[in-house]
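Okay, here's what each chain looks like letter by letter:
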Amino acid sequence: MAVIKWRNHHLEDIEIALLLEAMKARYGYDFSNYAHASLKRRLKQLRDYFDVPHLSHLIPSLLYDERVAQVIINNISVLASDFFRDPPVWRYLRDEILPRLATFPRINIWQAGCGRGQETYSLLILLHECGLLDKTRLVATDINVSAMDEARAGRWSARDLDRWRTSYLAAGGQGHFDDYFQREGDTVMMVEHLRQKVEFNQHNLVTDEVFMEAQFIVCRNVLIYFDDTLQERVLELFGRSLQRGGYLLLGRAENVLQSSLAGRCFQKIDAGCNVLRRTAEVAHAGVAHVEVAHAGGLHVGGQHV
Amino acid sequence: MPGGCMSGGSMYKLLAIGFSAGGMPLASGILAALPGDYPLAIAIVTHLPAGQDSVLAEMLDRVSSLPVAMVIDKTPIQPGHVYVAPPDYHLLVENRDRFALSIDAPVLSVRPSIDVLLETAAEAFEDSLIALTLSGANSDGACGMARAHELGAMTIALSPLKTDFRTLPDAVLAAVDVDYIADQDEIIALLCAAGECA
């Protein structure tokens with residue numbers, strides 16, 4: 001056998017492929033269509049966290065120890081966010097999108113990728129201030145159960161409160177931001193009456209199906225972590241979940257319309273804020289059948305292998 | 001020493017530039033000096049206060065004869081184009097063909113991070129990368145330069161003597177034995193020479 005000198009980072013690519021394969025075979029979580037560069041950065045942080053010389057050392061650990069697997073899953077999948085990140089987007093929602101949603105008799109909103117919930121509750125605050133809370137059903141989903149538990153608890157470090165308040169005001173907030181929280185030492189907790197208004201369900205965009213007909217889907221800065229194949233799947237899923245004429249909000253720097261087949265079902269209505277409107281029927285490219293599950297019957301992402 | 005012209009081969013493909021405080025005039029001067037047929041793709045990460053960051057692409061577009069655009073997710077990497085990171089996103093090189101973005105935690109309290117750009121650029125482009133750091137009041141960029149050097153890229157650091165904001169150049173020089181420590185004119189000469197090779 002010829003000995004070829006491999007650069008370490010190419011070896012790391014092999015290790016990552018093996019690790020993802022182990023994760024998929026053992027736990028049913030398939031991260032193989034996540035965007036490579038950011039996934040690799042996160043996995044290398046794990047190597048440092050577990051203090052192992054190579055990522056491949058984690059493979060036996062994750063196979064035999066679910067806690068290790070859970071740490072890896074958390075590290076790969078938790079989304080960072082903030083209250084009212086990108087204030088102009090929230091102002092646009094308040095001024096343009098919510099008045100249009102108000103014309104529907106009922107408003108079903110699906111927030112995909114809720115992480116620790118900052119964005120979910122930003123949405124609730126906005127709905128509350130626009131007087132739409134009573135006719136709205138808000139379902140927030142994430143692949144990551146432990147992040148979602150934190151979201152459900154609605155409790156965060158008070159450290160970032162000043163920044164969030166500034167964003168809230170820049171987003172056109174009409175009340176007193178601090179009134180939405182109870183202060184408890186170093187943490188702040190979302191007030192009870194808003195926490196009760198959201199349903200949290202585990203949902204894996206890689207494997208799970210449509211579960212509700214929505215008039216508005218919010219999925220910001222999730223697709224940037226996916227490759228083309230997975231972006232296409234998710235967009236197709238959104239296209240089937242959204243009522244015709246419904247709206248999809250993506251992250252400001254996300255882009256799905258150029259290359260994507262499913263993207264053709266959407267029209268951009270605001271370039272700066274990245275709000276899309278579902279206009280056409282969704283082509284069922286590569287989708288054998290359509291399952292519409294009830295919200296209560298979501299199967300648990302990743303656990304069904 | 002990297003930087004040798006390989007006959008008939010195209011040596012360098014991507015120029016990645018990082019700077020923060022004090023770097024804007026330097027970067028503008030460098031971009032203004034590069035010819036309209038410059039063959040490398042150019043990726044830029046800088047730390048600017050919120051508000052100024054969104055007009056960075058316009059400011060650079062005014063001085064450069066190369067087209068300048070803000071990256072959106074999975075933007076293709078094309079020769080002779082200049083790409084800047086969008087505000088509050090990390091800019092990554094996904095592979096030799098495309099960029100990617102993330103909103104992962106800030107690195108050294110900044111997002112976008114120069115380290116993130118340089119490290120991912122180095123892994124994708126190895127010795128066909130030129131990594132350049134200018135001035136800055138934060139050491140973000142030093143680890144990325146070290147990684148770029150390790151993987152065979154040409155590394156150029158602005159001389160700390162040529163700026164009031166020398167935290168970045170000092171950190172780079174402490175972290176890695178760069179190929180060139182240069183002033184603005186020398187950087188332009190190096191980049192033009194590298195373009196001739198491409």
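Positions within a chain are numbered from 1, following the residues in the order the chain's sequence is written. Think of it this way: whatever chain is written first is A, whatever ligand is written first is 1, and the rest follow in order. For this predicted model, a pLDDT threshold of at least 70 governs which residues receive local features, and a threshold of 80 or more governs which side-chain atom pairs are given and counted, while totals over whole chains, interfaces and linings are taken from all residues.

**Re the overall build of chain A**
Part 1: If you tally the helices and strands in chain A, you get 10 helices and 10 strands.
Part 2: Split into buried and exposed, the 305 residues of chain A put 41% on the buried side. Every helix listed is a DSSP run of H or I at least four residues long, and every strand listed is a run of E at least two residues long, numbered separately from the N terminus. Any residue surrounded by 20 or more other C-beta atoms within 10 Å of its C-beta is treated as buried, while 12 or fewer makes it exposed and the intermediate range makes it partly exposed; C-beta atoms here are placed from the backbone.

**Quick word on the overall build of chain B**
Part 1: Regarding its fold elements, chain B presents 6 helices and 9 strands.
Part 2: C-alpha atoms of chain B, sized along the principal axes, occupy 45 × 35 × 30 Å.
Part 3: Every one of the 198 residues in chain B was classed for burial, and the buried ones make up 54%.
Part 4: Considering only intrachain contacts with a sequence separation of at least 6, the fraction spanning at least 24 residues in chain B is 69%. This entry defines residue contacts through backbone-placed C-beta atoms, with two residues in contact when those atoms are within 7 Å.

**With respect to the domain arrangement of chain A**
When the parts of a complex come together, some accessible area is lost, and that lost area is often taken as the interface size.
Residue and element names in this part refer to chain A.
Part 1: Reported domain spans reflect what an automatic or database domain assignment gives. Segmenting chain A into domains produces domain 1 (8-77) and domain 2 (87-278).
Part 2: Distance between the C-alpha centres of domain 1 and domain 2: 29 Å.
Part 3: Opposite the 8 residues of domain 1 that make contact, domain 2 presents 11 residues.
Part 4: Just so you know the grouping, Ala, Val, Leu, Ile, Met, Phe, Trp, Tyr, Cys and Pro go in nonpolar, Asp, Glu, Lys and Arg go in charged, and all remaining residues, Gly too, go in polar. Within the side of domain 1 that touches domain 2, the residues separate by chemical class into 3 nonpolar, 4 polar and 1 charged.

**Considering the confidence of the model for chain B**
Part 1: Confidence per residue, as judged by the predictor, is encoded in pLDDT with a range of 0 to 100. On average, residues of chain B carry a pLDDT of 92, and 92% of them reach 70 or more.
Part 2: Confidence estimates for the predicted assembly give a pTM of 0.91 and an ipTM of 0.91.

**Topic: the sheet that holds strand 7 (residues 129-133) of chain B**
Sheet strands pair by backbone hydrogen bonding; their relative direction is either parallel or antiparallel.
All names here are of chain B.
Part 1: We call two strands paired when DSSP finds no fewer than two bridges between them. The sheet built from 7 strands is open, its strands ordered 3-4-2-1-7-8-9 with parallel pairing. Since the sheet does not close on itself, it has two edges, and those belong to strand 3 (68-70) and strand 9 (180-182), each with one partner. Between one strand and the next, the sheet's axes are offset by a mean angle of 20 degrees, whatever the strand orientation.
Part 2: In this analysis, axes come from line fits to C-alpha atoms, helices being fitted only over the stretch in contact, and the angle between any two N-to-C directions falls in the range 0 to 180 degrees. Against the sheet, helix 3 (residues 114-125) engages strand 1 (14-19), strand 2 (41-46) and strand 7, with an angle of about 165 degrees to strand 1.
Part 3: Relative to the sheet, helix 4 (residues 142-150) contacts strand 1, strand 7 and strand 8 (154-158), its axis offset from that of strand 7 by approximately 155 degrees.

**Overview of the interface of chain A and chain B**
Part 1: In this assembly, 15 residues from chain A lie in contact with 17 residues from chain B.
Part 2: Class assignment of the residues belonging to the side of chain A that touches chain B gives a composition of 7 nonpolar, 5 polar and 3 charged.

**Things to note about the sheet that holds strand 9 (residues 266-270) of chain A**
Residue and element names in this part refer to chain A.
Part 1: The 7 strands are arranged 6-2-1-7-8-10-9 in an open sheet whose pairing can be described as mixed. Bordering the open sheet on either side are strand 6 (198-202) and strand 9, each of which pairs with just one other strand. On average, each strand axis in the sheet is tilted by 25 degrees relative to the strand beside it, whichever way the strands run.
Part 2: Here 4 bridges tie strand 9 to strand 10 (residues 275-278), and the two strands are oriented antiparallel to one another. Within strand 10, the position partnered with K268 by the bridge is L276.

**Some words on helix 4 (residues 66-77) of chain A**
All names here are of chain A.
Part 1: A helix is expected to span 1.5 Å multiplied by its residue count minus one. Taking 1.5 Å of rise per residue, the 12 residues of helix 4 would be expected to cover 16 Å, and the 16 Å separating its terminal C-alpha atoms lies within 8% of that figure.
Part 2: Among the residues of helix 4, those classed as buried are I72, I73, I76 and S77. Buried residues along helix 4 cover an arc of 110 degrees about the axis, so they all sit on one side.
Part 3: Packed against the buried residues of helix 4 are helix 1 (8-27), helix 2 (36-50) and helix 3 (58-64). In this description, the arc belongs to the directions extending from the helix axis to the C-beta atoms.

**So, the environment of L132 of chain B**
Residue and element names in this part refer to chain B.
Part 1: Within the secondary structure, L132 is located in strand 7.
Part 2: Taking the number of C-beta atoms within 10 Å as the measure of exposure, L132 has 30 and is therefore buried.
Part 3: Put simply, L132 and A148 are 16 residues apart on the chain and 9.9 Å apart in space, counted from C-alpha to C-alpha.
Part 4: For L132, the residues in contact, after removing those within four places along its chain, are L15, I17, I156 and I187.

**A short note on the packing of helix 3 of chain B against helix 4 of chain B**
Residues and elements named next belong to chain B.
Part 1: At their nearest, the axes of helix 3 and helix 4 sit 7 Å apart, and the two run at 10 degrees to each other. The orientation of helix 3 relative to helix 4 falls into the category roughly parallel. From helix 3, I114, D115, L117, L118, E119 and A122 reach across to helix 4, where they touch C143, G144, M145, R147 and A148.
Part 2: Its residues assigned to classes, the contact of helix 3 with helix 4 shows 7 nonpolar, 1 polar and 3 charged. By definition in this entry, angles of less than 35 degrees are roughly parallel, angles greater than 145 are roughly antiparallel, angles of 65 to 115 are roughly perpendicular, and the rest are oblique.

**A look at the packing of helix 2 of chain A against helix 4 of chain A**
In helix packing, the relevant descriptors are the interaxial angle and the interaxial distance, both defined with respect to the helix axes.
All names here are of chain A.
Part 1: Across the interface, helix 2 lies against helix 4 with an axial gap of 9 Å and an inter-helix angle of 140 degrees. With respect to helix 4, the element helix 2 is oriented oblique. The handedness of the crossing between helix 2 and helix 4 is right-handed. Of helix 4, the residues touching helix 2 (which contributes L39, R42, Q45 and L46) are I72, N75 and I76.
Part 2: Among the residues forming the contact of helix 2 with helix 4, the class breakdown is 4 nonpolar, 2 polar and 1 charged. Take the far helix as the reference: if the near one is turned anticlockwise from it by less than a right angle, the crossing is left-handed, and if turned clockwise, right-handed.

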